[in-house]
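Overview (structure and organization)
Chain by chain, the residues run as shown.
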Amino acid sequence: MRILPSGSRALLLEFDSLEDVLAQYAALQDADLPVLDIVPAGRTILVIGDRDADLRSLAGQLETIEPGEHSGHSGDPVEVPVRYDGEDLADAAAALGWSSEELVRRHLEEQWTVAFCGFAPGFGYLAGTKFEWDTPRRESPRTKVPAGSLALAGEFTGVYPRESPGGWQLIGHALVDAFDLDRDPPALLAPGASVRFVESS
């Protein structure tokens, strides 16, 4: 882990892998730190100190925190009902060397964790631990991906919270909104949460 200053009130933690980010983020969630927010990404974690935090002292505290378990927060996983009816399902399965049925089975059985959020409000990048996911993006991105689309790209799966452009492989759609301003909290998925997809008819 490398600790770098980021502005006057934050520190950027750099890591070699997503696995390292997930493990350190899990530990930071349980630590008593003078921070306003902890924001994970693919290879970094941004730690935003509170108004009175001394960054040098905070960096010293961060150096002492050992990585934790990253199988998701304690408690029940977030269940997301889905249908596997995406137009890229067969192509994504073939790219992974599986049948469509095998992809669906593995996607349902995977132990997904929200690694980080980004791209759009409520869009969670979910990483798995049981199977090897390395799904190529589409050669030609779509200009409009429907809200609720369940998709794969690289090592991640995710649900599009709103209609937007995108190059991920569409394997189905969720039957619950990923982002709803009338819900508290609006985002269905938060970093660190464990997620289980449930097939619905």
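A short tour of the structure in this document, coming up.

What counts as what
- Starting afresh in each chain, residues are numbered from 1 along the sequence in its written order.
- Whole-chain, interface and lining totals are the exception, using all residues; otherwise, since this is a predicted model, local features are given only for residues with pLDDT of at least 70 and side-chain atom pairs are given and counted only at 80 or more.
- Calculation of side-chain values draws on the structure's entire complement of heavy atoms; hydrogens and water are dropped beforehand.
- Comment: axis = line fitted to C-alpha atoms, over the contacting stretch for helices; angle = value between 0 and 180 degrees taken between N-to-C directions.
- Numbering goes from the N terminus for both helices and strands, where a helix is a DSSP run of H or I of at least four residues and a strand is a run of E of at least two.
- To sort the angles, those under 35 degrees are grouped as roughly parallel, those over 145 as roughly antiparallel, those from 65 to 115 as roughly perpendicular, and the leftovers as oblique.
- When checking whether two residues touch, look at their non-hydrogen atoms; a contact exists if any pair is within 4.5 Å.
- Nonpolar residues are Ala, Val, Leu, Ile, Met, Phe, Trp, Tyr, Cys and Pro. Charged residues are Asp, Glu, Lys and Arg, and all others, Gly as well, are polar.
- Note on pairing: DSSP must find at least two bridges between two strands before they are called paired.
- Classification of residues uses two cut-offs on accessible area relative to the type maximum, computed with a 1.4 Å probe and protein chains only: under 20% is buried, over 50% is exposed, and between them is partly exposed.
- To obtain the arc, one takes the directions from the helix axis to the C-beta atoms.

Take the packing of helix α3 (residues 89–96) against helix α4 (residues 100–109) next. Axis separation between α3 and α4 bottoms out at 8 Å; the angle between their running directions is 85°. Here α4 runs roughly perpendicular to α3, going by the angle between their axes. Contacts from L89, A90, A92, A93 and L96 of α3 reach α4 at S100, L103 and V104. Across the contact of α3 with α4, the residue classes tally to 7 nonpolar, 1 polar and no charged.

Spatially, the 4 strands line up as an open sheet ordered β1-β2-β4-β3, and their pairing is antiparallel. Strand pairing shows two members of the sheet lacking a second neighbour, β1 (2–6) and β3 (35–40), which therefore form its edges. The mean angle between the axes of side-by-side strands here comes to 20°, regardless of whether they run parallel or antiparallel. For β1 and strand β2 (residues 10–14), the ladder comprises 5 bridges, and the chain directions are antiparallel. Its bridge partner lying in β2, L4 is registered against L12. Across the face of the sheet, helix α1 (residues 18–29) comes into contact with β2, β3 and β4 (44–49) while running at roughly 25° to β4. Running at roughly 30° to β2, helix α2 (residues 55–63) makes contact with β1, β2, β3 and β4 of the sheet.

Those residues of α2 that sit buried are L55, L58, A59 and L62. Taken end-on, α2 shows its buried residues confined to a sector of 100°, consistent with a single buried face. For α2, the exposed residues set more than 90 degrees away from the buried face come down to R56 and E63. Contacts made by the buried residues of α2 are with β1, β2, α1, β3 and β4.

On to unusual backbone geometry, then. Cis geometry marks the peptide bond from D184 to P185; its omega dihedral reads 0°. Along the polypeptide, P185 turns up in the loop between β12 (169–174) and β13 (194–199). A positive phi angle, close to 70°, is found at F119, a residue other than glycine. By secondary structure assignment, the location of F119 is in the loop between β6 (112–117) and β7 (124–127).

We now examine the pairing of strand β9 (residues 149–153). The buried count for β9 comes to 5 of 5 residues, which makes it a mostly enclosed element. Covered by surrounding structure in β9 are S149, A151 and A153 together with L150 and L152, the residues of both alternating faces. Bridge count between β9 and β12: 4 bridges; the pairing is antiparallel. The residue bridging A151 from the neighbouring strand is L170, located in β12. Count of turn residues in the β9/strand β10 (residues 156–159) antiparallel hairpin: 2 residues, of which G154 carries a positive phi of about 60°.

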